[in-house]
Amino acid sequence: MAGIESARAAGLAVKINAVALKNMNEEEIPALMEWAHGKGMALTLIEVMPMGDIGEGRIDQYVPLSLFARALRQPLHADRPSTTTPVALPLCPRHETGGKLGFITPMTP
């Protein structure tokens, strides 16, 4: 938190990245968005990514970000660039919070 505040105090634009985890932090996403946007920071939500041999249970943490996008009435892949990255860009403005919200969705079609 101190590093985030130091970066903001130095005038740097800060973007928060957060991995959505089933039964761990999915309930906290709306509050995280309010916090980040309340401080003028963009928020990008990230789905759990399959990263090779990382142990059992990783896929059990998967939460489709389409659930959040639907709840926020926001398109998940609006203006997705034609690249090999799984990022939906640009960050979409949120009228409710005045901030920007993005999604990285390697698992959701």
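Residues numbered from 1 in each chain as written. Predicted model: local features only at pLDDT ≥ 70, side-chain atom pairs only at ≥ 80, totals over all residues. Heavy atoms only, no water.

**Here we look at the overall build of the chain**
Within the chain, the secondary structure is distributed over three helices and four strands. Ordering the α and β elements of the chain from the N terminus gives α-β-α-β-α-β-β. Scored against the burial criterion, the 109 residues of the chain give a buried share of 36%. Here the analysis covers contacts within the chain between residues at least 6 apart in sequence; of these, 62% occur between residues at least 24 apart. Of the roughly 6800 Å² that the chain leaves accessible, carbon and sulfur atoms contribute 58%. (Helix = DSSP H or I, 4+ residues; strand = E, 2+ residues; numbered from the N terminus. Buried < 20%, exposed > 50% of the residue type's maximum accessible area, 1.4 Å probe, protein only. Contact = heavy atoms within 4.5 Å. Areas by Shrake-Rupley, 256 points an atom, 1.4 Å probe, with all protein chains shown as cover.)

**Section: the pattern of salt bridges**
Per the stated rule, a full pass over the model turns up two salt bridges. Salt-bridge contacts for Lys39 lead to Glu5; the nearest nitrogen and oxygen are separated by 3.5 Å. With Lys39 in the loop between helix H2 (29–38) and strand E2 (42–46) and Glu5 in helix H1 (residues 2–9), this residue pair connects regions lying 34 residues apart in the sequence. Classification of Glu5 as partly exposed rests on a relative accessible area of 31%. Where salt bridges share partners, they join Glu5, Arg8 and Lys39 into one cluster. (Salt bridge = Lys/Arg side-chain N within 4 Å of Asp/Glu carboxyl O.)

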